[in-house]
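Remarks on the overall topology
Each chain, written out:
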Amino acid sequence: LYGRHAHNVMKTDIKENDDGYELIVDLPGFKKDEIQVHLENGYLTVSAEKHADKQAGKGKYLRQERYSGTVSRTFYVGDALKPDDVKAKYEDGVLVVSLSKKAPEAIEQRSQIAIEG
C-alpha cells in the first residue's frame, strides 16, 4: 500500500485502564468507511483499505506516491470477549478501540464419580 513507508502505517499503542484496554491505532488519510474491526475466535483484527483516486482530465502523472491496497493488524484478546465488549471510535486519523476486561469464565470443578460394581 505505502511501499517503503509501510512501517509508518497502523502504529499502535495499547493502554490498560481500570475497566479495560484501549488500542490507539494511527490511520492517517483513511476515511471511517474504509476501516473495519473484526472479532473472531479471540482475535481482534483492524484492517483498512484505500483506493487511489483517479483524476479525470488532461495531463499525466510525473510521479504518483499514493496507491491502492490494504493494511491490517491482528491482536489476541482472549476468548472471553464478545462483540458487545468492544467499542470503536475514529477521529482525526486515530482509531481508538476500547475492550472491556473480562475474567475467563470459570471452568466447572470436577466432581468425584461413584464407581458401581
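Everything below is about the structure printed above this text.
Okay, so let's go over this structure.

Among the nonpolar cores identified, the biggest contains 18 residues, and Leu-27 and Leu-95 are the most heavily contacted of them. If you list the elements that add at least two residues to this core, you get strand S2 (20-26), strand S4 (43-50), strand S5 (69-76), strand S6 (86-91) and strand S7 (94-100). In this structure, Leu-27 is in contact with Met-10, Ile-35, Ala-48, Tyr-90, Gly-93 and Leu-95, ignoring residues within four places of it in sequence.

This next bit is on the sheet that holds S5. Read from one edge of the open sheet, three strands run S3-S4-S5, paired in antiparallel fashion. Looking at strand neighbours, the two that pair on one side only are strand S3 (35-40) and S5, the edges of this open sheet. Each neighbouring strand pair of the sheet contributes to a mean axis angle of 15°, computed without reference to strand direction. For S4 and S5, the ladder comprises eight bridges, and the chain directions are antiparallel. Considered in S5, the bridge of Ser-47 is made with Ser-72.

Further remarks concern the pairing of S3. On a regular strand, one side chain projects to one face of the sheet and the next to the other, so that they alternate. The sheet contact formed by S3 and S4 spans six bridges and is antiparallel. Its bridge partner being in S4, Val-37 is matched across the sheet by Val-46. The hairpin formed by S3 and S4 contains two residues between the paired strands, and Asn-41 there has a positive phi angle of roughly 55°.

In this structure, the largest pocket encloses a volume near 240 Å³. In terms of lining residues, the largest pocket is bounded by 14 residues, among which Tyr-21, Tyr-76, Val-77, Leu-81 and Leu-99 are the most central. For the lining of the largest pocket, the secondary-structure elements that each account for two or more residues are S2, S5 and S7. Residue composition of the lining of the largest pocket, by class: 10 nonpolar, two polar and two charged.

With that out of the way, let us pick up the sheet that holds S6. Pairing is antiparallel across the open sheet formed by four strands, whose spatial order is S1-S2-S7-S6. In the strand order of this sheet, the two ends are held by strand S1 (12-16) and S6, each with one partner. Strand-to-strand twist of the sheet, defined as the mean angle between neighbouring strand axes without regard to direction, takes the value 15°. Bridging between S6 and S7 involves six bridges; their strand directions are antiparallel. Its bridge partner lying in S7, Tyr-90 is registered against Leu-95.

Here we come to the environment of Gly-29. Structurally, Gly-29 can be placed in the loop between S2 and S3. Since its relative accessible area comes to 52%, Gly-29 is described here as exposed. Spatially, the C-alpha atoms of Gly-29 and Val-94 are 9.8 Å apart, while their sequence positions differ by 65 residues. Once you skip the residues sitting within four places of it in the chain, Gly-29 turns out to touch Glu-34 and Lys-50.

What counts and how
Residues numbered from 1 in each chain as written. Predicted model: local features only at pLDDT ≥ 70, side-chain atom pairs only at ≥ 80, totals over all residues. Heavy atoms only, no water. Core = buried A, V, L, I, M, F, W, Y, C linked by side-chain atoms within 4.5 Å. Buried < 20%, exposed > 50% of the residue type's maximum accessible area, 1.4 Å probe, protein only. Helix = DSSP H or I, 4+ residues; strand = E, 2+ residues; numbered from the N terminus. Contact = heavy atoms within 4.5 Å. Pairing = 2+ DSSP bridges. Axes fitted to C-alpha atoms, helices over the stretch in contact; angles between N-to-C directions. 1 Å grid on protein atoms, 1.4 Å probe; cavity = no way out; pocket = protein on both sides within 12 Å on 5 of 7 lines; lining within 4 Å. Points joined across faces, edges and corners; volume = space filled by probe spheres on them. Nonpolar A, V, L, I, M, F, W, Y, C, P; charged D, E, K, R; others polar.

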